[in-house]
Amino acid sequence: MKLCIIGTGYIGLVGATVFSDWGNEVIGVDVDKKKIERIQAGDMPIYEPGLSELVLKNVENKHLRFTTDLEDGVRNSEIIFICVGTPQDHDGSANLSYVYAAAKEIATHINDYKVIVVKSTVPVGTNEQVKRIISENIKKGIEFDVVSNPEFLREGSSVEDMMNTDRTVLGSDSKRALEKMKALYQHLNSPIVECDLRSAELIKYASNSFLATKITFINEISQLCEKTGADVSMVAKGMGLDKRIGPRFLNAGLGYGGSCFPKDVSALYKTSMDYGYHFKILDSVISANEAQKNAYIYKIVHMYGENLTGKTFACLGLSFKDNTDDVRESVAIKVIRALRGMGAKINAYDPKALETGKKELGDSSIEYFTSPYKAVMGVDAICILTEWQEFGSLDLDMVRKSVRWPVIFDGRNKVDSFEALKNGFAYYGIGRKSTSDTTPGVQ
Ligand code: UDX
């Protein structure tokens, strides 16, 4: 099939690439000329495991090409995907201006029947607006249909997720469009949910908000564990073995971040309010997520006081989660800002997000390191802020010899607390017993 993907962010770039790998002829379009030139040169604008190899392969076999020319993309495709960003507005709602601008421009170039698919995450009613905008701007007599096809990719595993999706959601009132879309996804072995536009839109928000709620629930349990002496990892394990609950998204930590959960939870809450319904759980999820990060910062303040001048913290992790260089809404960045705000000096390390982290945080009171072992030299404490796998296998004996004071604030429960104690560290995890036999040199 001939496809056009508008927007080469996470969803668009991964979508275009995987669709081309399935044997379709795909044109990726973006207004950002520099970005398109970078992709054409094989230099990916994002770090995503497996992506660059797949782009190169499909560009080479001519299944995939990139352009800034939207007219070229629209005219040479049967299905056009809108994958542009929907950033959060000041009032918590999703900013739809890029979606609507794309719809209007697509309409001016349509020359025969097309299916326009909205993959961007958009609130209830947006697809109907897209339909209206296209009708108002299309040449008379030319037919089109709109399909809502939300995406459920996780950053860091998005190529894999798209190839092995749990389900495909197709919302439309057109049988003709649905048949075309089903043909596109036919070889996937997962169920297809066919529904109306509004239900499809809501499925995406409900799914992300539910997952954010699940994480928040275990984070709340972690607070209770700290008070009662229970261990949140054990509680999560015991809960997760119940098939009705499931083990995934039950890792307690510093709270959820990223470009999706915070934005989508707020947008669903706002939509709900707009429709006159107070979505009570989401209100609590938003404030509990904020509180989880603050409780972690409080542990540091409790030990060192509110004036951190003269203290250096090794902050391990900048990205909002592992396997990505994305620092948008990263809790790690927020914690670093808070520590810096109290006068601390930061030694920052991240396996992939040093560049993006530096862009976000700048140089003031922060030094960036390319090895965790260099970052911990002479520090007053180590803060583990992102769930990178490698933080669980640090050579603690070596680390112990480098630090000024052996203290670990493990915001992601990556380190074995008994190993930490064995190696002479005071250890503070999330929802587990602190092992603080060592007294750090704190006045
Ligand atoms: C999310 C959804 O999972 C995906 O379906 C949707 O399409 C986009 O939003 P993403 O934001 O890439 O994906 O990452 P995800 O793996 O969901 O993690 C989001 C945040 O939750 C991260 O900050 C992560 O650290 C945190 N998290 C996740 C936890 O704190 N505990 C967990 O158990 C899982």
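Residues numbered from 1 in each chain as written. Predicted model: local features only at pLDDT ≥ 70, side-chain atom pairs only at ≥ 80, totals over all residues. Heavy atoms only, no water.

**Some details on the site of the ligand**
Argument step 1. The local shell around the ligand holds 19 residues, among which F152, L153, E155, K321 and E387 are the closest.
Argument step 2. At 3.4 Å from an oxygen atom of the ligand is found a main-chain nitrogen or oxygen belonging to L250.
Argument step 3. Note that an oxygen atom of the ligand is positioned 2.6 Å from one of the side-chain N or O atoms of E387.
Argument step 4. Protein burial of the ligand: of its 660 Å² of free accessible surface, 94% is covered by the chains.
Argument step 5. By residue number, the principal contributor to the shell around the ligand is helix α9 (residues 197-228), which donates 3 residues.
Argument step 6. Across the shell around the ligand, the residue classes break down as 9 nonpolar, 3 polar and 7 charged. (Near = heavy atom within 4 Å. Polar contact = N/O pair within 3.5 Å; in protein donor to acceptor, adjacent residues only side chain to side chain. Areas by Shrake-Rupley, 256 points an atom, 1.4 Å probe, with all protein chains shown as cover. Helix = DSSP H or I, 4+ residues; strand = E, 2+ residues; numbered from the N terminus. Nonpolar A, V, L, I, M, F, W, Y, C, P; charged D, E, K, R; others polar.)

**Re the packing of α9 against helix α12 (residues 280-304)**
Argument step 1. Interhelical geometry of α9 versus α12 gives an angle of 45 degrees and a closest axis separation of 9 Å. Taken together, the axis directions place α9 and α12 in an arrangement best described as oblique. In this structure, α9 crosses over α12, and the sense of that crossing is left-handed. Between α9 and α12, the residues in contact are S209, A212, T213, T216, N219, E220, S222, Q223 and E226 and I281, L282, V285, A288, N289, Q292, A295 and K299, respectively.
Argument step 2. Its residues assigned to classes, the contact of α9 with α12 shows 6 nonpolar, 8 polar and 3 charged. (Axes fitted to C-alpha atoms, helices over the stretch in contact; angles between N-to-C directions. Parallel < 35°, antiparallel > 145°, perpendicular 65-115°, else oblique. Left-handed = near helix turned anticlockwise from the far one by under 90°. Contact = heavy atoms within 4.5 Å.)

**Observations regarding the side chain of S259**
Argument step 1. Turning to its location among the elements, S259 is positioned in the loop between α10 (232-240) and α11 (261-274).
Argument step 2. Side chain to side chain, S259 and E155 meet in a polar contact 3.4 Å long.
Argument step 3. Beyond its immediate sequence surroundings of up to four residues, S259 is in contact with E155, D326 and R328.

**Looking at helix α8 (residues 175-184)**
Argument step 1. All of the buried residues along α8 are A177, L178, M181 and L184. Along α8, the residues classed as buried sweep out an arc of 115 degrees about the axis, all on the same side.
Argument step 2. Where α8 begins, the side chain of S174 points an oxygen toward the backbone nitrogen of R176, at a separation of 3.4 Å. (Buried < 20%, exposed > 50% of the residue type's maximum accessible area, 1.4 Å probe, protein only. Arc of directions from axis to C-beta.)

**Side note on the sheet that holds strand β11 (residues 366-369)**
Argument step 1. On the basis of which strands lie adjacent, the open sheet formed by 6 strands has the order β11-β10-β9-β12-β13-β14 and parallel pairing. With one partner strand each, in any of the chains shown, β11 and β14 (426-428) form the two edges of the open sheet. Strand after strand, the sheet turns through a mean of 20 degrees between neighbouring axes, direction not considered.
Argument step 2. Pairing analysis gives 3 bridges linking strand β13 (residues 407-410) to β14, with the strands arranged parallel. The residue of β14 that forms the bridge with V407 is A426.
Argument step 3. On the sheet, α12 packs against β9 (312-316), β12 (381-384), β13 and β14 and is oriented at approximately 160 degrees with respect to β13.
Argument step 4. Of the strands in this sheet, β10 (345-349) and β11 are in contact with helix α14 (residues 354-361), which crosses β11 at around 170 degrees. (Pairing = 2+ DSSP bridges.)

**Re empty space enclosed by the protein**
If a probe as big as a water molecule is rolled over the atoms, it shows which places are left empty.
Argument step 1. In total, this model carries 2 cavities of 30 Å³ or more according to the counting rule given.
Argument step 2. Looking at the largest cavity, its volume works out to about 90 Å³.
Argument step 3. A class-by-class count of the residues in the lining of the largest cavity yields 7 nonpolar, 3 polar and 3 charged.
Argument step 4. Volume-wise, the second largest cavity comes out at about 50 Å³. (1 Å grid on protein atoms, 1.4 Å probe; cavity = no way out; pocket = protein on both sides within 12 Å on 5 of 7 lines; lining within 4 Å. Points joined across faces, edges and corners; volume = space filled by probe spheres on them.)

**Focus on helix α3 (residues 51-60)**
Argument step 1. If you check which residues of α3 are buried, you get L51, L54, V55 and N58. The arc that holds every buried residue of α3, seen down its axis, measures 100 degrees, which confines them to one face. The exposed set on the far side of α3, more than 90 degrees from its buried face, consists of E53 and E60.
Argument step 2. Each element contacted by the buried residues of α3 is listed here: α1 (10-21), α2 (33-40), β3 (64-67) and α7 (158-163).
Argument step 3. Once α3 ends, the next one or two residues include K62, with phi positive near 65 degrees.

**Let's talk about the pattern of salt bridges**
Argument step 1. Counted by the stated rule, this structure contains 32 salt bridges.
Argument step 2. In this structure, D91 engages K270 in a salt bridge whose closest nitrogen and oxygen atoms are separated by 3.6 Å. On the criterion of sequence distance, the pair formed by D91 in the loop between β4 (79-82) and α5 (97-109) and K270 in helix α11 is long-range, its members being 179 residues apart.
Argument step 3. We classify D91 as partly exposed; its relative accessible area is 46%. (Salt bridge = Lys/Arg side-chain N within 4 Å of Asp/Glu carboxyl O.)

**Comments concerning the side chain of S272**
Argument step 1. Note on placement: S272 falls in helix α11.
Argument step 2. Look past the residues within four positions of S272 in its chain and what remains in contact with it is Y277 and F279.

**What about the environment of S284?**
Argument step 1. Looking at where S284 falls in the secondary structure, it is placed in helix α12.
Argument step 2. For S284, a relative accessible area of 44% translates into the label partly exposed.
Argument step 3. When the C-alpha atoms of S284 and T213 are compared, they prove to be 9.1 Å apart, with 71 residues separating the residues in sequence.

**Some thoughts on the confidence of the model for the protein chain**
Argument step 1. Residues of the protein chain with pLDDT of at least 70 account for 98%, and the chain-wide mean is 95.
Argument step 2. Note that pLDDT drops below 50 for residues 437-443; the model gives that stretch 12 contacts with residues more than four away or on any other chain. (pLDDT = per-residue confidence, 0-100.)

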